[in-house]
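Structural description and commentary
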Amino acid sequence: MNLGELVSALNDFASPSLAESWDNVGLLVEPSPPHVVNTLFLTNDLTEEVMEEAVQRKAELILSYHPPLFTPLKRVTWGSWKERLVVQALEHRIGIYSPHTAYDAVPHGVNDWLAKGLGACTSVPLHPSTAPHYPTEGPHRVEFCANSTELETLLAKIKDIQDISSITTLPARVEGEEQTRVSLNCSQKALLEVVALLSKNSSLYHKTEILLLQKPLLPHTGMGRLCTLSEPVSLLTMIERIKSHLKLPHIRLAVGKGKTLESLVKKVALCAGSGSSVLKGVKADLYLTGEMSHHAVLDAVADGISVILCEHSNTERGFLSELRDTLAVHLQNKINIIVSEKDRDPLQVA
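Conventions used here
- Residues numbered from 1 in each chain as written.
- Predicted model: local features only at pLDDT ≥ 70, side-chain atom pairs only at ≥ 80, totals over all residues.
- Heavy atoms only, no water.
- UniProt positions renumbered as here; feature names shortened; annotations may be inferred.
- Disulfide = S-S within 2.5 Å.
- Buried < 20%, exposed > 50% of the residue type's maximum accessible area, 1.4 Å probe, protein only.
- Phe/Tyr/Trp six-rings, centres within 6.5 Å; stacked < 30°, edge-to-face > 60°.
- Helix = DSSP H or I, 4+ residues; strand = E, 2+ residues; numbered from the N terminus.
- Lys NZ or Arg CZ within 6 Å of the ring centre and 35° of its normal.
- Contact = heavy atoms within 4.5 Å.

If you check an unreviewed UniProt entry, the protein chain appears there as NIF3-like protein 1 from Crypturellus soui. Its UniProt record gives the protein chain the following Subunit (unreviewed entry) comment, quoted word for word: "Homodimer. Interacts with COPS2. Interacts with THOC7."

Here the structure, examined in full by the defined rule, presents zero disulfides. Cys186 takes part in no disulfide bond, and the closest cysteine sulfur to it belongs to Cys145, at a distance of 17 Å. Assessed through its relative accessible area of 0%, Cys186 is described here as buried.

With that settled, the discussion passes to the packing of aromatic side chains. Within this structure, the stated rule accounts for three aromatic pairs. A centroid spacing of 5.7 Å and a plane angle of 80° characterise the contact between Phe13 and Tyr103, whose relative ring orientation is edge-to-face. Highlighted residues: Phe13 in helix H1 (residues 3-13) and Tyr103 in helix H4 (residues 101-105), separated in sequence by 90 residues. Take Phe13: its relative accessible area is 7%, and that puts it in the buried class. Residue classification places Tyr103 among the buried residues on the basis of a relative accessible area of 1%. Centre to centre, the rings of Trp22 and Phe70 are 6.2 Å apart; their planes meet at 55°, and the pair counts as tilted. Linking Trp22 in the loop between H1 and strand E1 (26-29) with Phe70 in the loop between strand E3 (61-64) and helix H3 (81-91), this pair joins segments that are 48 residues apart in sequence. Taking the relative accessible area as the measure of exposure, Trp22 reaches 49% and is therefore partly exposed. Here a set of aromatic residues connected by ring pairs shows up, and it is made of Phe13, Tyr103 and Phe319. The aromatic ring of Trp78 is capped on one face by Arg84, whose charged end is 6.0 Å from the ring centroid.

By the element assignment, Thr136 lies in the loop between strand E5 (121-130) and strand E6 (140-146). Judged by relative accessible area, which is 25%, Thr136 ranks as partly exposed. Taking C-alpha positions, Thr136 is 43 Å from Asp303, a pair spaced 167 residues apart along the chain. Those residues within four positions of Thr136 in sequence are excluded, and the remaining contacts are Ser166, Asn185 and Leu213.

Okay, structure coming up:
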């Protein structure tokens, strides 16, 4: 596939608009065109060891879940490992694409994969995502009523204002008088001009309604998940399920105040990666994430919430195998998709 075509397909799979505002997602390194991709290489973290593997496997595009380029580079030299990644990528004509938090939010993404390890359950996002656009053009709606003598002149002036859309008129009866109700959508800048125009008529202005429109929530999409188990199980059973799902011999555990390993777990709040900010204040029996700050763990335990920490990328990496199969279908098996064998969490239990 042509690189542009592939990036477009990847964006369709999980829109970059779903990513958090602080994130750095999408195509990060692009070889000079034309660039054809026969092999897509999946990794959780793009380290130098993983880059060497991608070169050996003759990949033309690396999909790195975590963006290897996050803060701006002031130079591209052989001086630091992230700069060397860029040099090697360009020398070997390998593109780099990162989805990161877009894959956290999407319904078929990392957090839903993590939830599969809990057993039968229903889940909802902890922080739902909103649609990238308003249902109509402009974030503001203005509604007012005018009589027939002033309506034609007023509408003519309004239509001269830029960034106004969806002007509708309906007959209305106001205080026994036949009038016309006008409704329009507009941008922030246009709103100021509309208000200035309407304020010239005090009786009209004081009966004007201004509504701030909200972008609609996207179903099953957003950061984190609150999972309700079909049948409650003991904390000990949940630990074994999570270890099995993540293929980990050990996890870190903090037992909530007043709880034991035999205490029942019904609700689990989870967040792949680093969960402190996403899980904060959520009512649940258990928090599941990769890492949390010391004080966030203390807060949860004091509230009677147990905490399971699995290390950051251990809560993400297993998703890559599922992603490989899902992308193969999404991309109609047009390219070869492989998962890194060198990618691993940097923290080990010694």
